[in-house]
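Architecture at a glance
Each chain, letter by letter, is given below.
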Amino acid sequence: MDDLSFPNSLEEHWMPFTANREFKKDPRLVVKSSGVHLWDHRGGKILDGSSGLFCVPAGHGRTEIADAVHAQLLVNDYTAPFQSSHPGSFELARKITAITPEDINHVFFTNSGSESIDTALKIVMAYHRARGEGQRTRFVSRDRAYHGVNMGGVSLAGMVKNRETFTSVMPNVVCLRHTMIGDEPYLRGQPEKGVELADDLERFAQTYGGSTIAACFVEPIAGSTGCLVPPKGYLERLREICDAHGILLVFDEVITGFGRLGTPFAADAFGVVPDIMTMAKALTNGCQPMGAVGVKDMVYETVTEASPQSAIEFFHGYTYSGHPAACAAGIATQDIYKNEGLFDKAAELSEYFLDKMFELESLDKVVGIRGYGLMAGIDLKPEGAPGAFGTALQKELFWNGLHVKFTGDTGILAPQFIATRENIDSMVDILRESLT
Ligand SMILES: Cc1ncc(COP(=O)(O)O)c(C=O)c1O
């Protein structure tokens, strides 16, 4: 590659979740992407080991999606989404609900996972108020949860760095214990033990009164904190407790949605249907910012039927909710998943991927591995301050030809569904070499 563009100045862009000053001294810019690869500004070829941020499972540079967005922008670039819409938003909602679990037949569009979470919080509040249960003001989340960065999501979050600086706008949040099984650092699939961790929810119901709790938010697999897979029976137990107390169960499927576990959603993989599910990331294969919230019929009907026919039922929405270009990208993406059988491909590749990942168990610097579907977390022995080794290794991996998303000293691998076994081999080889 010789057409390498480099900006005149790096100073003006304040980068998200980045050590800005350090990055600008030693920048890592991606200038091209195609298939499972990225190219850096020095011309190096990099395997995309985390599908970007879990959002590009069908591979980079999909012309079908680019063409659909281009065509849409030429025909109708923008439609005000309040009291009007365009055909694509209905078509995409139909395609999404064709694969969501039964009864989840309504979709509200947002522009990100964070907005999906805050939208879900508001839907929960509107639902209980419409039923005359406005006293349900308490929310349950979980330690080590990541529910995005907007103020509602930060209030729910269980990651200290994401919330210690910011005042929680929702004081009424209590956290379940996380599902990291301490004495079993190497865990493939669902842990056999730990179902009783779900009983924290029952304890909260006893302590605060079940009728004061509005909803329980969980990531079915906690992704950003290192692929914490739910113990067998855990999600089922949460479902039972929610049902017993009229609490809504919300699955944050922003990472697990659209095939990451080899099924359309984690709800399918674990056989537990939530009342509300949040989605984003793979919805458009990362090509347009878009999120969505899926709700059961009874949630939609309760909220909409509480108002007169001519009244706005839910006072919420974004200027770019269901943007025509994002809908076009979403429709093209969903067609690719279906036509290429990519969720099945993810399921087929999972065993091989996990076999290879667990080979790294023998390395001195590795202290834990977990995995399910096409996602794995690998914990590294900290060196110095927490996260220092993870940050250094992430950089080294980049220059060694592998992109991996890190949270502290944990790397989270999530290959693309179109990856080959050879791509998985290269990924694990680069990890091994960089760690030894
Ligand atoms: C489970 C979960 N929820 C919400 C979000 C926030 O999504 P976004 O970064 O699109 O706002 C993320 C992002 O990683 C996530 O993993």
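This text goes with the structure placed above it.
Now for a look at the structure at hand.

Each value, and the rule that gives it
Counting from 1, residues in each chain are numbered in the order their sequence is written. In view of the model being predicted, local features appear only for residues whose pLDDT reaches at least 70, and side-chain atom pairs are presented and counted only at 80 or more, with totals across whole chains, interfaces and linings using the full set of residues. For side-chain calculations, the full set of non-hydrogen atoms in the structure is used, while hydrogens and water are omitted. Secondary structure elements are defined from DSSP: runs of H or I of at least 4 residues count as helices, runs of E of at least 2 residues count as strands, and each element is numbered from the N terminus. We compute the radius of gyration from the C-alpha atoms alone; for a globule the expected value is 2.2 Å times N to the 0.38, where N is the number of residues. Only protein chains enter the calculation, and the probe is 1.4 Å; a residue is then buried if its accessible area is under 20% of its type maximum, exposed if over 50%, and partly exposed in between. Only heavy atoms matter for contacts: two residues are in contact if any of them lie within 4.5 Å across the pair. All accessible areas in this document rest on Shrake-Rupley with a 1.4 Å probe, and a residue is counted as covered only by the protein chains that are shown. When charges are tallied, Lys and Arg are placed among the positive residues and Asp and Glu among the negative ones, while His and the ends of the chain are skipped. Just so you know, the charge point we use is NZ for Lys, CZ for Arg, CG for Asp and CD for Glu. Think of it this way: one heavy atom of a residue within 4 Å of a molecule or strand is enough to make that residue near it. Side-chain atoms alone can form a polar contact between residues adjacent in sequence; in general such a contact is a pair of N or O atoms within 3.5 Å, and within protein one must be able to donate a hydrogen while the other accepts it. The classification used treats Ala, Val, Leu, Ile, Met, Phe, Trp, Tyr, Cys and Pro as nonpolar, Asp, Glu, Lys and Arg as charged, and all other residues, Gly among them, as polar. Put simply, buried Ala, Val, Leu, Ile, Met, Phe, Trp, Tyr and Cys residues joined by side-chain atoms within 4.5 Å make one nonpolar core.

What follows is about the overall build of the chain. If you tally the helices and strands in the chain, you get 15 helices and 16 strands. Relative to the 2.2 N^0.38 estimate, which gives 22 Å for 436 residues, the radius of gyration of the chain is 21 Å and therefore close to what a compact globule would have. Based on the C-alpha atoms only, the size of the chain along its principal axes is roughly 60 × 55 × 45 Å. The buried share among the 436 residues of the chain stands at 55%. Restricting to contacts in the chain with at least 6 residues of sequence separation, those with at least 24 account for 72%. Surface accessibility of the chain: about 18800 Å² in total, with carbon and sulfur atoms responsible for 52%. When the 39 positive and 55 negative side-chain charges of the chain are each reduced to one mean point, those points stand 4 Å apart.

Moving on, we get to the site of the ligand. Taken together, Ser112, Gly113, Ser114, Tyr146, His147, Gly148, Glu219, Ser224, Asp252, Val254, Ile255 and Lys281 make up all the residues around the ligand. Between the ligand and the protein, one listed contact pairs an oxygen atom with a side-chain N or O atom of Ser114 at 2.6 Å. At 2.9 Å from an oxygen atom of the ligand is found a side-chain nitrogen or oxygen belonging to Lys281. Here the ligand, which alone exposes 380 Å², has 83% of that area covered by the protein. Of the residues belonging to the shell around the ligand, the class tally is three nonpolar, six polar and three charged.

Now for the nonpolar core. One broad trend across soluble globular proteins is that nonpolar side chains are buried collectively. Leu176, Leu201, Cys216, Leu238, Phe353 and Met357 are the most contacted members of the largest nonpolar core, which has 93 residues in total. For this core, the element with the most residues is helix H13 (residues 342–358), which contributes nine residues. Sequence-distant contacts of Cys216, defined by excluding residues within four places in its chain, comprise Val140, Leu176, Leu201, Leu238, Cys242, Ile247, Leu248, Leu249 and Val250. With 21 residues, the next largest nonpolar core counts Ile117, Leu121, Met170 and Phe314 among its residues.

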